[in-house]
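# Per-entry structural report
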Amino acid sequence: MEIVTQDGWLEVITGCMFSGKTEELVRRLRRAVIARKKTVAIKPTIDTRYDLMAVVSHSGFSFNAIPIGDPKTILSISKDAEVVGIDESQFFTIDLIPVIQELLQEKKRVIVAGLDLDFRGEPFGIMPNLLALADEAMKLHAICSVCGNIATKTQRLIDGKPARYDDPTILVGGLESYEARCNLHHEVPGKTLTLFKE
Ligand code: TMP
Ligand code: MG
């Protein structure tokens, strides 16, 4: 689904790892280029996988991108752009929110992609805020690596074993450390249902 009728429009593409978020982002950015929109893609400097200067999906889809540390620099980079794509948005600080609001005020189309949940199955960083602000949101699914059912969670594996609840949130990686899992097969040793971090 891709309905874009207004200026100043925020689209959020989310879901677990291996669900095709970056692929969907790249698809939308390529279509914007075909429509002759000035288009720019941004990613956080922390994401060093595959290519420093491109957003790259696990399946190999890619689009040239500018690596950014401080979200405020997005404003100058996007000055002339009509469409701004931001990948791995879960890694940005809360400073990204006012930046996006300014881009929207400038009537730009902003498309962000990022993980809804961390490996614990808990909301990841600023993603809940972005999802609440979205004019349109798409939640993608993957396939559970254990049973083949629909996967909505990301399993972190350290030496083949499920990572514990109190392990650090950020661990950049791909298939060597992560798998998509369904709710039944998502394992987080040390997690209790009453615990929910602010
Ligand atoms: P992807 O959504 O494009 O597959 O990339 C997600 C990135 O986020 C990848 O580098 C692994 C990282 N990540 C964490 O740092 N912590 C987590 O809890 C999860 C699930 C992923
Ligand atoms: Mg991705």
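Refer to the preceding data block for the structure.
Attention here is on the structure that accompanies the text. Source: prediction; values computed, not measured. (Residues numbered from 1 in each chain as written. Chains lettered and ligands numbered in written order. Predicted model: local features only at pLDDT ≥ 70, side-chain atom pairs only at ≥ 80, totals over all residues. Heavy atoms only, no water.)

### What to know about the sheet that holds strand 2 (residues 39–44)
As summarised here, the arrangement of the six strands in space is 5-2-6-7-1-8, forming an open sheet in which the pairing is parallel. A single partner strand is all that each edge strand has here, and the edge strands are strand 5 (66–68) and strand 8 (136–140). Strand-to-strand twist across the sheet, computed as the mean angle between neighbouring axes with direction ignored, equals 20°. Relative to strand 7 (residues 109–115), strand 1 (residues 9–15) is paired through seven bridges, and the arrangement is parallel. (Pairing = 2+ DSSP bridges. Helix = DSSP H or I, 4+ residues; strand = E, 2+ residues; numbered from the N terminus. Axes fitted to C-alpha atoms, helices over the stretch in contact; angles between N-to-C directions.)

### A word on the sheet that holds strand 11 (residues 153–158)
Within the open sheet, the three strands sit side by side as 12-11-13. Their pairing is antiparallel. Strands with a single pairing partner mark the edges of an open sheet, and in this sheet they are strand 12 (161–162) and strand 13 (178–181). Direction of pairing for strand 11 relative to strand 13: antiparallel, over a ladder of four bridges. Among the inter-strand pairings, Gln155 is bridged to a residue of strand 13, identified as Glu179.

### Quick word on the pattern of salt bridges
Applying the stated criterion across every chain yields a total of 11 salt bridges. With a shortest N-O distance of 3.7 Å, Glu106 and Lys108 are connected by a salt bridge. For Glu106, a relative accessible area of 39% translates into the label partly exposed. Of the residues examined, Lys108 reaches a relative accessible area of 5% and is grouped as buried. Glu187 is the salt-bridge partner of Arg181, the closest N and O atoms lying 3.6 Å from each other. (Salt bridge = Lys/Arg side-chain N within 4 Å of Asp/Glu carboxyl O. Buried < 20%, exposed > 50% of the residue type's maximum accessible area, 1.4 Å probe, protein only.)

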